[in-house]
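# Structural features, examined
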Amino acid sequence: MSDNLTLPAQQGSAGTSTEPLLKVEGLTKHFPIYGGFPIKRKVGAVQAVDGVDLTVGVGESVGLVGESGCGKSTTGRLITRLLEPTDGKITYAGQDITHASRRQLAPVRSEIQMIFQDPYSSLNPRQTVGSIIKSPMEVNGIEPEGGQEKKVRELLELVGLNPEHYNRFPHEFSGGQRQRIGVARALALQPKLIVADEPVSALDVSIQAQVVNLLKKVQDELGIAFLFIAHDLAVVRHFSQRVAVMYLGKVVEVGDRESIYNRPRHPYTHALLSAVPEVDIDGTGPNRERIRLSGDVPSPILPPSGCRFRTRCWKAQDKCATDEPPLVQISGNKAGHLTACHFPEDPTTEARDEDVVMDPALLALEDAAESDTVPTKD
Amino acid sequence: MFQFIIRRTVGALVTLILIGAATFFLFVAAPSDYASLACGKDCSPARLEDIRQALGLNLPIHQQFWDFMSGIVMGRDFPTGHCSAPCLGQSFYSGDMVWSTIMDRFPTTLTLTVGGAVVFVIVGIGAGMIAAYRRGTMVDKVATSVSMVLSSFQIYVLGPLVLLIFVYSTGWMDNPAYHPITDDPWKWFTGLLLPVLVMSTIFTAQYTRMARSSMIEQLAEEHVRTARAKGMSNRYVFFRYAWRGSMIPIVTVLGIDISSMLGGAVVTELTFSLQGIGRLAVDGAVHKDLPLTMGVMLFGAFFILIVNILTDIAYAYIDPRVRLS
Amino acid sequence: MTTLTKTEDAPAPTGPESFLSVRDLKVQFSTEDGIVKAVDGLSFDVERGKTLGIVGESGSGKSVTNLTILGLHNPRTSTVDGEIVLDGKELVTATERELEQLRGNKMAMIFQDPLTALSPFYTVGRQLSEPFMKHRGASKKEAKDRAIQLLEKVGIPQPKARFDDYPHQFSGGMRQRAMIAMALMCDPELLIADEPTTALDVTVQAQILDLLKDLQQEFGSAIIFITHDLGVISNMADDLLVMYAGRAVERGSVREVLGAPKHPYTWGLLSSMPRLDGDINEALEPIPGSPPSLLNPPSGCPFHPRCAFKDEVPGTLCTDSRPPLGEGRASACHLTAEQKQTIFIDKIQPRLR
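From a predicted model like this one, the values you see are computed outputs, not experimental measurements. (Residues numbered from 1 in each chain as written. Chains lettered and ligands numbered in written order. Predicted model: local features only at pLDDT ≥ 70, side-chain atom pairs only at ≥ 80, totals over all residues.)

## Some points on the interface of chain C and chain B
Chain C puts 24 residues into the contact, and the matching count from chain B is 19 residues. Of all the secondary-structure elements, those providing two or more residues to the side of chain C that touches chain B are α2 (96-102), α3 (114-117) and α4 (124-136) of chain C. In terms of residue class, the side of chain C that touches chain B is built from 10 nonpolar, 8 polar and 6 charged. (Contact = placed C-beta atoms within 7 Å. Helix = DSSP H or I, 4+ residues; strand = E, 2+ residues; numbered from the N terminus. Nonpolar A, V, L, I, M, F, W, Y, C, P; charged D, E, K, R; others polar.)

## Overview of the UniProt feature "domain: ABC transporter" (unreviewed entry) in chain C
In the numbering used here, UniProt assigns the feature "domain: ABC transporter" (unreviewed entry) to residues 22-270 of chain C. Taken as a whole, residues 22-270 of chain C contains 41% helix and 27% strand, while its terminal C-alpha atoms sit 27 Å from one another. (UniProt positions renumbered as here; feature names shortened; annotations may be inferred.)

## Section: the pairing of strand β10 (residues 247-253) of chain C
All names here are of chain C. The buried count for β10 comes to 6 of 7 residues, which makes it a mostly enclosed element. The pairing of strand β9 (residues 239-244) with β10 spans 6 bridges and is antiparallel. Counterpart to Leu240 in the pairing with β10 is Gly252. (Buried ≥ 20, exposed ≤ 12 C-beta atoms within 10 Å, placed from the backbone. Pairing = 2+ DSSP bridges.)

## A few points about the UniProt feature "transmembrane region" (unreviewed entry) in chain B
All names here are of chain B. Cross-referencing UniProt, the feature "transmembrane region" (unreviewed entry) maps to residues 110-133, 145-168, 188-208, 248-272 and 292-318 in the present numbering. Counting secondary structure, residues 110-133 comes out at 100% helix and 0% strand; the distance between its end C-alpha atoms is 33 Å. Helix makes up 100% of residues 292-318 and strand 0%, whereas the separation of the span's terminal C-alpha atoms amounts to 39 Å.

## With respect to the interface of chain A and chain C
When the parts of a complex come together, some accessible area is lost, and that lost area is often used as the size of the interface. Counting residues at the interface gives 43 residues for chain A and 50 residues for chain C. Only α6 (205-222), α7 (233-239), α9 (267-275) and α11 (360-372) of chain A provide two or more residues apiece to the side of chain A that touches chain C. Residue contributions to the side of chain A that touches chain C peak at 8 residues, all from α6 of chain A. Across the side of chain A that touches chain C, the residue classes break down as 22 nonpolar, 11 polar and 10 charged.

## Here's the deal with the environment of Ile79 of chain A
Residue and element names in this part refer to chain A. Note that Ile79 resides in helix α1 (residues 72-79). Of the residues examined, Ile79 has 26 C-beta atoms within 10 Å and is grouped as buried. As a C-alpha pair, Ile79 and Leu27 span 52 residues in sequence and 9.1 Å in three-dimensional space. Once residues within four sequence positions are removed from consideration, Ile79 is found in contact with Leu22, Val24, Ile90, Val195 and Leu227.

## Details of the pairing of strand β8 (residues 222-227) of chain C
Residue and element names in this part refer to chain C. Judged by how many residues are buried, β8 sits mostly within the fold: 6 of 6 residues are covered. Alternating positions in β8 separate into two faces, Ala222, Ile224 and Ile226 on one and Ile223, Phe225 and Thr227 on the other, with burial throughout. As for the winding sense of the linkage, the β-α-β connection from strand β7 (residues 190-194) through helix α8 (residues 202-219) to β8 is right-handed. (Right-handed = clockwise from strand over helix to strand, strands pointing away.)

## Some words on unusual backbone geometry
With a phi close to 45 degrees, Ala93 of chain A is a non-glycine residue in the positive phi region. Mapped onto the elements of the fold, Ala93 of chain A is located in the loop between β4 (87-92) and β5 (95-96). At Asp24 of chain C, a residue that is not glycine, the phi angle is positive and equals roughly 50 degrees. Looking at the secondary structure, you find Asp24 of chain C in strand β1 (residues 18-31).

Encoded structure:
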């Protein structure tokens, strides 16, 4: 691949670099809700994103995980400025782009690219693959060495597609191949940051790994920084050096991969990790803690006061309702591992003496089963 | 729901005023001047001025508009007499009160609309549902092809054809005309039978096609499959689960059709030489008769808005997601 | 129990405890582009009270199989061959009326997306009550009591009040709970769960999976659990069937199949799956290529175009002949038993540690 694509890759520096590529402070997005009688007016807001702090270093991959409605996708769209932030500040390479106008944004737009979840709806079915990949260069008036078409062929090859397929249409490709086209399109402008919004969750298991490996290769070889938004914790672990966990519009815990996956402190991170269904290959049974929350995530229209997780947390106390815990490095955490919790958990994911089961139906059924059967402890 | 109706009614009133204003100013801005038209060839300035005065055309435009609009709620006095509350003015051309002219013509239009709607709702939707229920069978194929052919006909083709056969050649029926139902129900029925049937034939074909495709779409819905997975019979699933969802697009189109028919079925009325609202609208335009045109416009718009509100209420009845959000 | 025995060449592998038995099932759809062999010669058994997991990617035929068991396939566009015997009753040849009596009663289904699988037009309570009234001849009141009892059991708070709510007033997890309650209304002996947690968030998924397991303990239903997620199936199933291109490629107990898999496709699935406890520096090993088109499936072994080990099979066996799936613990692959074992131990297992 032409070496002009290569940025100084920050290999080995797992933590934040001194000068982050992207810095997000207090990022907030409230979608207004209208209603009322007799005249419609703003009656509330969906607090999709509510004060998110985040940094992405040069060449670094940061994972953003959380369940639906936690605001991770909205955060991605705010950073790429597809949405206008309500509040907060986005700094890209030292430049404040929070409310930058179209013209001010133009040079930055080409450096921040996005990959979308659905490879079926995010490619125009009436354009050939060639023109899909070429159009970002045309829009930005970029004429690479050897011409746009040569560049497109190079990109197709880079993402593992046959350059001969230049003139084919998206419907002639499978889901995984379409996602490769999406990656090629994102790479066309030699971006420094790619925001990937659930790039593999629409794909089959056997295809997911192909795309994850491709993104990894792109990251390693071209030194592109990634904000990798996904709900699948295992995929994020595989791809990202640092991970931020979101819940109801806020980052509740952030840290390097080791801290988040092996030494989590926030109860929500514990619950999330324990909920991931893992293949039990050797048949020894899981040695992981079992935490079963109750109910679903509350509505972001009227989020709980104080700590937003408190309504589903087994450690919640009065303080959690009144004081919002700050996202800080609590004692026992490594540098850069921040947790927003008044009563953090122990830094381990090993099985506990007693499972945490909050779900009333599960509790009832398990109690009944226990009292029915002769206790056979294994 | 109550709030919703209030809000929609207020919205409808505002819309009516806006439509009135738009029609009025468009008409006034048009290059023709009714007074000079009425004055004729040997027109003197004094006579023109007299006509202007008589028709109220000498007043400032906003004054004319205000007089017209306020007349609808308060009534108006004309040199020829008082015009009581829903007063839409006095026709320039005939000198008749517009409201009473409309009321004279309305029963014809109403009969056409209601008669037609009854036929095409029952026959059209019924045939479409049967075709969907028996999809792929002979019944379906016949219904699909017949409706395909009929829906590509036009009233002005089918109408004269039917007149030729049933009236002029065989004399089986009289020339279509409106007779008040209060005078003679049978004459009322037979008088408009041909126009109603011709008009509804074309609509029926369209509704058959629409009901069939809408129903087939619903039958492919996952919740319909769930109902079958519960062991509910095909008939039950069809009439309880699929039917409701299929009504939503039909109600939408039905609302548009009925409201436009109430505002005058111009083509049908002209084809069968009937004196309905549609005919009136054409007359108003031809004679540059501002009050008549305004009256017919507002009358039609009123029905469009009313039927729109009724359609929304129907949505809420069909779909609880509309009702409860 | 009337045992309908049909003499056939494939000997029935299981004893009388086999509650559901599918033999050589073939489902074909005629489409504009040609005939799609969605399921092509599938056989499996489900025992009472046990869970059979069926794993496969999109287009593997796993959902079609289960819609066919319930008789919910479209009879106008599809043809079904083979045998499905549920508790002695042959279902392929059963009339629509007979199937209606069984559906929602003896066998029930839980669908993937509870938002679209529940009717938006009727209350949750009504949708729950219907099958109970139909199959048990219960009154409205009795059905309501039963529905409220089950709604409570599956963990819907204030079930009496929520009975009259519409599905859109429920959250995603609650909707799936209601769906489960609906499937359990008539105490089914066979429950088919088609990706029941795929549309849910991971913490909700964990709740629902545990709930299903606990409910199975109480109701004793046999479950067919369809999913694409090996992690989910590892926690849910007793036995496992791996499907690829409309066929079963590997069968065995969950422990056997996931602990010592024998088919290259299963190896591929396991090595391409990122894990929470695996080595991060070990790259994922994806299966090359894409799943085949069922309009025109590859000759011989349908997996051969993507198989990394077909060179170890002598000659053109893989491209010419379709490997059979034996009885019991088996894999449909031309590699010899020794080869399978060596490859797994040498090349696959180290990656999974």
